[in-house]
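Here's the letter readout for the chains.
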Amino acid sequence: MSLATSLEQIEQWLQQHTPTTAALLAPPATAAEIATLEEVLGFRLRPEVEALLRWHNGSTGFDGAFPLAPVHRMLDTRQIAERWRTINDVTRDSRVDWPDLWRPTWLPLTTDEGLASIMVDHSPGAAGEAFYWDHMDTRNQQVPPWPNLASEVADLATALLTGGRMSGSAAHPGLRPVVAYDGELGWDD
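### Details of the layout of surface pockets
Then comes step 1: For the largest pocket, the calculated volume is near 170 Å³.
Then comes step 2: For the largest pocket, the lining is made up of 13 residues, of which Phe 62, Ala 65, Pro 67, Val 71 and His 72 are closest to its centre.
Then comes step 3: Sorting the residues of the lining of the largest pocket by element identifies strand E2 (72-74) and strand E8 (185-188) as the ones contributing at least two each.
Then comes step 4: The greatest single-element share of the lining of the largest pocket, amounting to three residues, is contributed by E8.
Then comes step 5: Looking at the lining of the largest pocket residue by residue, the classes come out as six nonpolar, four polar and three charged.

Okay, here's the thing in structure tokens:
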């Protein structure tokens, strides 16, 4: 399934089933917002990441905000830049050797309100794997559950449309979407 098709299906499902969450999606990112993010990063965004941000530039609020994966609220371009800088600063200033734990070409697209994120690999020659990253749980850092962002978004669309579980890992088991009484998207095991 193409990224555009998955995003269209997600949008329709959210509007129909979880209007509160749908209303919290931000407008699309502008060309200036994309350019500013790329300037901060020092590299160009992968086309699928840019397409995601041009669909909606993150999700506002916390309660009911749109999750790109269970409990992982989608960030906007400004928040992505801030989170990327924070992780770079922490790892640079740490006395721990981080080469297998963090690379500056990993781009955080989400937050779980801690330091965990869904990352997309922007390393030269990489296929753009999308994976869970958590500085406290190294089991997830080098195990991409999705070969690329389009696969991750298709996984989310399928879970929403079927009520099935989204893919997971040992620390992030697959959850299934539920519609909360207040029109918010929630997750349940």
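### Description of the packing of aromatic side chains
Then comes step 1: Throughout the structure, instances matching the rule amount to three aromatic pairs.
Then comes step 2: Seen in terms of ring centroids, Trp 106 and Phe 131 are 5.0 Å apart; in terms of plane orientation they differ by 80°. Their pairing is edge-to-face. Placement of Trp 106 in strand E3 (residues 106-108) and of Phe 131 in strand E6 (residues 130-133) is noted, with a sequence separation of 25 residues between them. Accessibility assignment for this pair places Trp 106 and Phe 131 in one class, buried.
Then comes step 3: With a centroid separation of 5.4 Å and 50° between ring planes, the pair formed by Tyr 132 and Trp 146 is classed as tilted. Highlighted residues: Tyr 132 in strand E6 and Trp 146 in the loop between E6 and helix H6 (149-162), separated in sequence by 14 residues.

### Concerning the sheet that holds E3
Then comes step 1: In spatial order, the strands read E3-E5-E6; together these three strands make up an open sheet with antiparallel pairing. Unpaired on one side and paired on the other, E3 and E6 mark the two borders of the sheet. With strand direction ignored, the average angle separating the axes of adjacent strands in the sheet is 40°.
Then comes step 2: Pairing of E3 with strand E5 (residues 117-121), which is carried by three bridges, proceeds in the antiparallel orientation. In the sheet register, Pro 108 faces E5, and the bridge partner there is Met 119.

### Here's the deal with the side chain of Glu 50
Then comes step 1: Take Glu 50: it is sitting in helix H4 (residues 47-55).
Then comes step 2: The class of Glu 50 is buried, set by a relative accessible area of 19%.
Then comes step 3: Those residues in contact with Glu 50 that lie beyond four places of it in its chain are Ile 34, Arg 44 and Leu 45.

The rules behind the values
- Residues numbered from 1 in each chain as written.
- Predicted model: local features only at pLDDT ≥ 70, side-chain atom pairs only at ≥ 80, totals over all residues.
- Heavy atoms only, no water.
- 1 Å grid on protein atoms, 1.4 Å probe; cavity = no way out; pocket = protein on both sides within 12 Å on 5 of 7 lines; lining within 4 Å.
- Points joined across faces, edges and corners; volume = space filled by probe spheres on them.
- Helix = DSSP H or I, 4+ residues; strand = E, 2+ residues; numbered from the N terminus.
- Nonpolar A, V, L, I, M, F, W, Y, C, P; charged D, E, K, R; others polar.
- Phe/Tyr/Trp six-rings, centres within 6.5 Å; stacked < 30°, edge-to-face > 60°.
- Buried < 20%, exposed > 50% of the residue type's maximum accessible area, 1.4 Å probe, protein only.
- Pairing = 2+ DSSP bridges.
- Axes fitted to C-alpha atoms, helices over the stretch in contact; angles between N-to-C directions.
- Contact = heavy atoms within 4.5 Å.

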